[in-house]
Amino acid sequence: DDAGLEQIDVLKGPAGTDNGRGAPTGSVNLVSKKAQMEDAVSGSATVGSASQKRLTADVNKVLNAERGIALRLNAMAQDAGRPARDVVNDKRWAIAPSLGFGLNGPTRVVLDYLHVDQDNIPDGGVPTIGLPGYTSPDRARPFITDAAPVDPQNFYGSNSDYDKVKADMATVRVEHDFAPGFKLHNITRYGRTSQDYLLSAFLNSSANLSTPNAADPSTWTLVRNTRTVKDQENRILTNQSALTSQFDTGSLRHTLVTGLELSNERQITYGLTGLGTLPAANLYRPDAGVPVTGLAPARTGAYNQGVIDTQSLYAFDTIKVGERWIFNGGLRLDHFSGDYTVVALTNNVLVPTHFTVGDKLVNGKLSAVYKPTANSSIYAMAASSKQPPGASFVVSGNVNSAQNPIYDPQETLTLEAGGKLDLLKQKLALTAAVFHTEVKNEVEQDPVDLKY
């Protein structure tokens, strides 16, 4: 939840140099609220449509000004539906204490903790029937093409659907200033998230759409027996050390950041049975209160488990030349290894399959910025990103899957150039950019020989 966030940074384009293995689309950096050397109290109360109720509180208290000790506490509680949607509900609460030591000295230590608890009713959406461009999924029933759209407020799941999430995260941050422009930053984090999820979904296909009376759409029904479930737990233990150095070489002003990052990530997903059956819903008047027959979720013994270890070295150098030019170069080396166990339930017999993946990934970034004026800039950038099979806790033995360990990492190279102009005392920003992205090692099927 955003109640405990100081700011959100959105990074566009390949982020392999910044964050390691990943897709070429970019990344989002969330900056948590931390204890500060200033007493402050703030809060909010929100009441709105869809029975929205939300309370937040943010309290910061200096405990010892001389020793730089402060405590900050963020809390949030929410219970809300969603505008123009029936049944769907978002209910959650969170608490995030932060305790800082030595905040006014050369060595600063901040201890953070976050707990979030959610108990939601998920949203499975509505059928697309009747929307512009919709055509009948059944040639034998062309009249479906002209059917009226459903009420967008309709809920096609069950009142017994749920999405329960619990997240805990503990963080220790240590900063030490050796000298002006020379700082060491170390962060250690342990996080655990569990999700238990059940959605009575539908598949809007010809077989699932029944029209017993073509002339009376009020008799039409939609099968909603796609029981979408998730019983999953994620854990992460990571440590990152970064050394920031500011220095000059002649007329060049450098900001050099070098670092080491170690992480261990674990995920386990359990198979479930006893999901029950839900009768077909009236297409135009679905009833979420209809009882689900045989609903008794239980683990089957089948599971998917993955463990990923990553060691990373990185360096970034930002060079200012005069007041108009800024150059930035970065390089990152990741050693990635994953171990996966898939236990499937086949004919009431648990059958295990084991996969291992591993690779060394090198990513780089290079950019140049020219500022013709204080309120304008022109830039050019080249950056790479790599995503190996199994990097996101998905692994497969199928030859048509990009997550098969037999394949090389997907590689992305993006070239971009653009500019920015601030007007009206920085109240209006104009931006323009052109870019070229090249992707290698994609898994595609040859239409001639049908091979991958």
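Computed from a predicted structure; not experimentally measured.

Enquirer: Before we go on, may I ask you to explain the overall build of the protein chain in this structure?
Expert: From N to C terminus, the protein chain includes 1 helix and 20 strands. Seen through its C-alpha atoms, the protein chain measures out along the principal axes to roughly 85 × 60 × 55 Å. Burial statistics for the protein chain: of 452 residues in total, 35% are counted as buried. Taking all contacts inside the protein chain whose residues are at least 6 apart in sequence as the whole, residues at least 24 apart take part in 64%. Accessible surface for the protein chain amounts to roughly 24800 Å². Of this, 57% is attributable to carbon and sulfur atoms.

Enquirer: Would you explain the nonpolar core in this entry?
Expert: One recurring pattern in soluble globular proteins: nonpolar side chains tend to sit buried together. Counting residues in hydrophobic clusters, the biggest one holds 13 residues, and the most contacted among them are Ile 129, Val 150, Tyr 156, Trp 220, Leu 283 and Tyr 284. Beyond its immediate sequence surroundings of up to four residues, Leu 283 is in contact with Pro 127, Ile 129, Val 150, Asn 154, Tyr 156, Leu 209, Trp 220, Thr 221 and Leu 222. Counting 8 residues, the second largest nonpolar core, distinct from the first, contains Ile 308, Val 357, Phe 393 and Val 395.

Enquirer: Sorry, what's going on with the pairing of strand β5 (residues 69-81) here?
Expert: Pairing of strand β4 (residues 52-64) with β5, which is carried by 11 bridges, proceeds in the antiparallel orientation. The partner of Ala 57 across the bridge, within β5, is Ala 75. Hairpin geometry of β4 and β5 is characterised by an intervening segment of 4 residues between the two adjacent antiparallel strands and by a positive phi of about 70° at Gly 68. The pairing of β5 with strand β6 (residues 89-101) spans 12 bridges and is classified as antiparallel. Pairing of Gln 78 across the sheet is with Arg 92, part of β6.

Enquirer: Would you mind showing me how to read the packing of aromatic side chains here?
Expert: Here a ring pair, both rings aromatic, is described through the centre-centre distance and the interplanar angle of the planes. A complete count under the given rule lists 6 aromatic pairs for this structure. Taking 5.8 Å as the distance between ring centres and 55° as the angle between the ring planes, the aromatic pair formed by Phe 143 and Trp 220 counts as tilted. With a gap of 77 residues between them, Phe 143 in the loop between β7 (107-120) and β8 (162-179) and Trp 220 in the loop between β10 (209-210) and β11 (221-222) connect regions that are remote in the sequence. Consider the rings of Phe 178 and Phe 182, whose centres lie 5.4 Å apart with planes at 40°: the pair is tilted. Exposure remark for Phe 178: the relative accessible area of 47% places this residue in the partly exposed category. Assessed through its relative accessible area of 33%, Phe 182 is described here as partly exposed. Put simply, the rings of Trp 325, Phe 327 and Tyr 370 pair up and form one aromatic cluster. Between the NZ or CZ atom of Lys 164 and the centre of the ring of Tyr 162, over which it lies, the distance is 5.5 Å.

Enquirer: I'm lost on the sheet that holds strand β14 (residues 281-282) in this one. Help?
Expert: By definition, the strands of a sheet pair up through backbone hydrogen bonds, in either a parallel or an antiparallel sense. Taken together, the 3 strands give an open sheet; going across it, the order is β10-β11-β14, and neighbouring strands pair in antiparallel fashion. Edge positions in the sheet fall to β10 and β14, since each has one partner strand and no second. Note that β11 and β14 share 2 bridges and pair antiparallel. When the bridges of β14 are listed, Thr 221 appears paired with Asn 282.

The rules behind each value
Residues numbered from 1 in each chain as written. Predicted model: local features only at pLDDT ≥ 70, side-chain atom pairs only at ≥ 80, totals over all residues. Heavy atoms only, no water. Helix = DSSP H or I, 4+ residues; strand = E, 2+ residues; numbered from the N terminus. Buried < 20%, exposed > 50% of the residue type's maximum accessible area, 1.4 Å probe, protein only. Contact = heavy atoms within 4.5 Å. Areas by Shrake-Rupley, 256 points an atom, 1.4 Å probe, with all protein chains shown as cover. Core = buried A, V, L, I, M, F, W, Y, C linked by side-chain atoms within 4.5 Å. Pairing = 2+ DSSP bridges. Phe/Tyr/Trp six-rings, centres within 6.5 Å; stacked < 30°, edge-to-face > 60°. Lys NZ or Arg CZ within 6 Å of the ring centre and 35° of its normal.

The values reported here are purely geometric and, on their own, carry no functional implication.
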